[in-house]
Amino acid sequence: MELFLKGDTSSVAVGLEFVSKRLNVQLSTDGYPIQVKHQKGPLRVLNKGGQGEISFEKPVHFFRALGLWLENFQKSNEFDLTENPQFNMSGVMLDASRNAVPTVAEVEKLLQHMAVMGLDTLMLYTEDTYEVKEYPYFGYMRGRYTFEELKACDEYAGKLGIEMIPCIQTLGHLREALKWNYASGFKDTDDILLVDEPTTYEFLESCLKAASEPFRTKRIHIGMDETFQLGLGKYLEKHGFEHHIDLMNRHLQKVVSITDKLGLKPMIWSDMYFPLFAENSPYKDESGSIRQNILDGIPDVELVYWNYYRKEQEVYERDFQNHKLLGTTPIFAGGAWTWNGLAPNYGKAIATTEAALAACKKEGIGEIFVTLWGDNGAETPFAAAYPILQLFAEHTYQKEVSIEKVSERFGFCGDGHFADFMNLKLLDETPGVMEDNMNTSMTSKVLLYQDSLIGLYDENVRGLSLGEHYQQLVPVLEKAKQENPAWEAVFDVYEQLARVLADKAEIGIKIIEAYQNTNYEQMKSILITLDRIQANVDRLRQKHRDVWFAAYKPFGWEVIDIRYGGVITRIDSVKYRIQGWLEGRIPRIEELEEKRLPHDGPWEMANGLVGGNVYHRIVTAGNFSL
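Not measured: the values here are computed from a predicted model.

Visitor: Explain the overall build of the protein chain here, please?
Guide: Broken down by element type, the protein chain carries 23 helices and 16 strands. Relative to the compact-globule value of 25 Å for 626 residues, the protein chain shows a C-alpha radius of gyration of 26 Å, a close match. Each principal axis of the C-alpha atoms in the protein chain carries an extent, and together these give about 85 × 70 × 50 Å. Among the 626 residues that make up the protein chain, the fraction classed as buried is 59%. As presented, the protein chain carries roughly 25100 Å² of accessible surface, and 48% of it is formed by carbon and sulfur atoms.

Given below as structure tokens:
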């Protein structure tokens, strides 16, 4: 469509070039006239009497408004819509540390998508995937971003009115960074820095400079979450026991002195301060307030409260109120549940987001963002999170939001059918799994990777008819692939995964049955099925590889290749063992003589959970290294 944008477009002129291509819009003085007003107040789009109008305050509001105007113009000749932003900041945190490091081009695509939705902040979570020139092994062979790459992303974001904020770690979650010998003098445990060690702060100053210099913002997320073993490694040997709250505060003060020196405004994850909130907390006084001397020890940082686990609104409200005891209103971080395994957990993502953002609005939380973690290998393409980004975006501009409205908007902004995406959750939300998969069953992951002969999860899935479930899902996802051409490659991966699992989900149970009944004919038939599984797994690997290399740097794919290769190679050995038994070369198959037990640990196998774990606990009861 040709548009003639009149009025004040100076603040959005450069970004318009990117967004207009995405929206298939041509700018021309012969186009349909739209008066553009850059002014304080709500976002407004209208069309009346052959004339359009867009009013906006922030540049990103304009890009959302342009999309809204086009979407409504396709439906009606006349409309008048107003949106009042509910938050001062609403954005995305993209994990670039779990093997998958998005290319600059893919980050730019995400930024375009965010602009059309109206999300105004992007954090790239980089534990060791940014370049620190003083430490060449930091991020070595991990696809780390160069200064120039991060600067290019920031400049692109700025043209769209989006702030990019560096997001790093300055205490824990540094296992990959600290595994090299250069770090031996300043690590406490395998993934936590050694507090009070001078070389720790020399290292961190280099990291903070390297992480912040490519960006125009002065804000920086310095992490510090989940340091449960803080002070219990080398620190304990050198100094004796000290409570983690005291260690946290002292370390944070030292790090903040560096951020002050660099002119940065830090934020941290707040979870390590949760012991302060307990009812029987020794850090509270008689009135229930946190003791002043404790508050005085917490440096001036913004706190980020993360929670993507609960669907009860009151849980979030209580936690917000607890954070306010520290004298500050927290930032909130929710989750898109891209880290469930191979497929997104949309059920849990929607349930937790609805509860959390309702609480944010009630408790006056001003800043929010949605996390796109990639735990245990980043097997789920991060673009699968786009429907949940749309949910966050609609909550950002409306007090009340319906899934129907989110679906409608995703059809325009995401160029896809929301309902088709929701079917992806059925890869994990299978028979035996609770509604919305609140206990995060990783059904598809455990059934893809588990060994066909050892079958650690066979007893967990017995009687659930999961092969039939996945067989029925194949045509559903095949149809979705056809009806979402912009997302064909992603749906192709998941259709192929369902096809693999239609055969593989219960193959171990069938092997045991044939063996125990000495049914040679059935076992011969199973060998044919194993051939088919082997071929289909390799096709899945290739389709997944296409999606990976279209979005990410190559580093990290070797991990996924090895996982797929393990499935394929083990099937070869399974066939070798079965053939040996069929031909009488071995009298029994020892792996099948072992009594099968339900998989039970180290994760709790709660009700409504078929299976969940990290890769190395799925494939073997042994260990890859000792």
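Visitor: Help me out: how do you make sense of the side chain of Gln390 in this one?
Guide: Among the structural elements, Gln390 can be located in helix H12 (residues 386–397). Residue Gln390 is classed as buried on the basis of its relative accessible area of 0%. Apart from residues lying up to four places away in sequence, Gln390 is in contact with Met117, Val406, Arg409, Phe410, Cys413 and Gly414.

Visitor: Is there a simple way to explain the nonpolar core in this structure?
Guide: Judged by nonpolar contacts, the single largest core of 214 residues is most densely connected at Phe62, Leu122, Leu276, Phe332, Leu389 and Leu448. The dominant element in this core, judged by the number of residues it contributes, is helix H20 (residues 520–551), at ten residues. Not counting residues up to four positions away in its chain, the partners in contact with Leu448 are Leu342, Leu497, Val500, Leu501, Lys504, Val537, Leu540, Tyr564 and Val567.

Visitor: So what exactly am I meant to see when it comes to the environment of Leu43 here?
Guide: Examined against the element boundaries, Leu43 turns out to sit in strand S4 (residues 43–48). The exposure class assigned to Leu43 is buried, which follows from its relative accessible area of 1%. Note: C-alpha distance between Leu43 and His61 (18 residues apart in sequence) is 6.5 Å. Setting aside anything within four residues of it in sequence, one finds Leu43 in contact with Ser55, His61, Arg64, Ala65, Leu68, Leu81, Thr82, Glu83 and Tyr397.

Visitor: For this particular structure, what's the right way to read the pattern of salt bridges?
Guide: Think of it this way: side chains of opposite charge can pair up when their charged atoms draw near. Summed over the entire model, instances satisfying the criterion amount to 49 salt bridges. With its nearest N and O atoms 2.4 Å apart, the salt bridge here joins Asp451 to Arg570. Of this pair, Asp451 sits in the loop between helix H15 (443–449) and helix H16 (458–461) while Arg570 sits in helix H21 (residues 557–582), and the two are 119 residues apart along the sequence. Residues joined by salt bridges that share partners form a network here, namely Arg64, Glu71, Lys75, Glu83, Glu394, Glu408 and Arg409.

Visitor: Just checking my understanding: could you explain helix H6 (residues 198–212) for this structure?
Guide: One turn of an α-helix holds 3.6 residues; hence residues three or four places apart share an orientation. End to end, H6 covers 21 Å across 15 residues, agreeing with the expected 21 Å (1.5 Å per residue, within 8%). Burial analysis of H6 places eleven of its 15 residues in the buried class, the great majority of the element. Buried within H6 we find Thr200, Tyr201, Phe203, Leu204, Glu205, Ser206, Cys207, Leu208, Ala210, Ala211 and Ser212. Residues of H6 that are buried make contact with strand S9 (163–167), strand S11 (192–193), strand S12 (219–221) and helix H8 (244–261).

Visitor: Which parts of the structure should I look at to understand the pairing of strand S3 (residues 32–38)?
Guide: Residues in a regular strand point their side chains to alternate faces of the sheet. With five bridges connecting them, strand S1 (residues 2–7) and S3 associate as parallel partners. Bridge pairing in S3 places Leu3 opposite Tyr32. With five bridges connecting them, S3 and strand S5 (residues 51–56) associate as parallel partners. If you follow Val36 over to S5, its bridge partner there is Ile54.

Visitor: Quick question: what am I supposed to make of a nonpolar patch on the surface here?
Guide: A cluster of nonpolar residues, Tyr137, Tyr140, Met141 and Phe555, forms a patch on the protein surface that exposes about 400 Å² of accessible area. By secondary structure assignment, the location of Met141 is in the loop between strand S8 (121–125) and helix H4 (147–159).

Visitor: Just to check I follow, could you spell out the sheet that holds strand S6 (residues 79–83) for this structure?
Guide: Within a sheet, each strand pairs with its neighbour through backbone hydrogen bonds, oriented either parallel or antiparallel. With mixed pairing, the six strands of this open sheet are ordered in space as S2-S1-S3-S5-S4-S6. Of all strands in the sheet, those bounded by a partner on one side alone are strand S2 (26–27) and S6. Here five bridges tie S4 to S5, and the two strands are oriented antiparallel to one another. Bridge pairing links Lys48 to Gln51 in S5. Against the sheet, helix H2 (residues 59–73) contacts S1, S3, S4, S5 and S6, and its axis sits at roughly 30 degrees relative to S4.

Visitor: Even after reading the chapter, I still don't get the side chain of Asp451, so can you show me in this structure?
Guide: Its relative accessible area of 8% is what places Asp451 among the buried residues. Looking at Asp451, its side chain comes within polar contact range of the main-chain nitrogen of Leu453, at 2.9 Å.

Visitor: Just checking my understanding: could you explain the pairing of S9 for this structure?
Guide: Counted residue by residue, S9 has four buried out of five residues, so it is predominantly covered. Two strands pair when backbone bridges link them, and S8 and S9 are joined in this way by five bridges, in the parallel orientation. Each residue of the ladder has a partner; that of Met123, found in S9, is Ile165. As a crossover connection, the stretch from S8 through H4 into S9 is right-handed.

Rules behind the numbers
Residues numbered from 1 in each chain as written. Predicted model: local features only at pLDDT ≥ 70, side-chain atom pairs only at ≥ 80, totals over all residues. Heavy atoms only, no water. Helix = DSSP H or I, 4+ residues; strand = E, 2+ residues; numbered from the N terminus. Rg over C-alpha atoms; globule rule 2.2 N^0.38 Å. Buried < 20%, exposed > 50% of the residue type's maximum accessible area, 1.4 Å probe, protein only. Areas by Shrake-Rupley, 256 points an atom, 1.4 Å probe, with all protein chains shown as cover. Contact = heavy atoms within 4.5 Å. Core = buried A, V, L, I, M, F, W, Y, C linked by side-chain atoms within 4.5 Å. Salt bridge = Lys/Arg side-chain N within 4 Å of Asp/Glu carboxyl O. Expected span 1.5 Å × (residues − 1). Pairing = 2+ DSSP bridges. Patch = residues over 30% accessible without salt bridge, like charges linked within 9 Å, V, L, I, M, F, W, Y side chains within 5 Å. Axes fitted to C-alpha atoms, helices over the stretch in contact; angles between N-to-C directions. Polar contact = N/O pair within 3.5 Å; in protein donor to acceptor, adjacent residues only side chain to side chain. Right-handed = clockwise from strand over helix to strand, strands pointing away.

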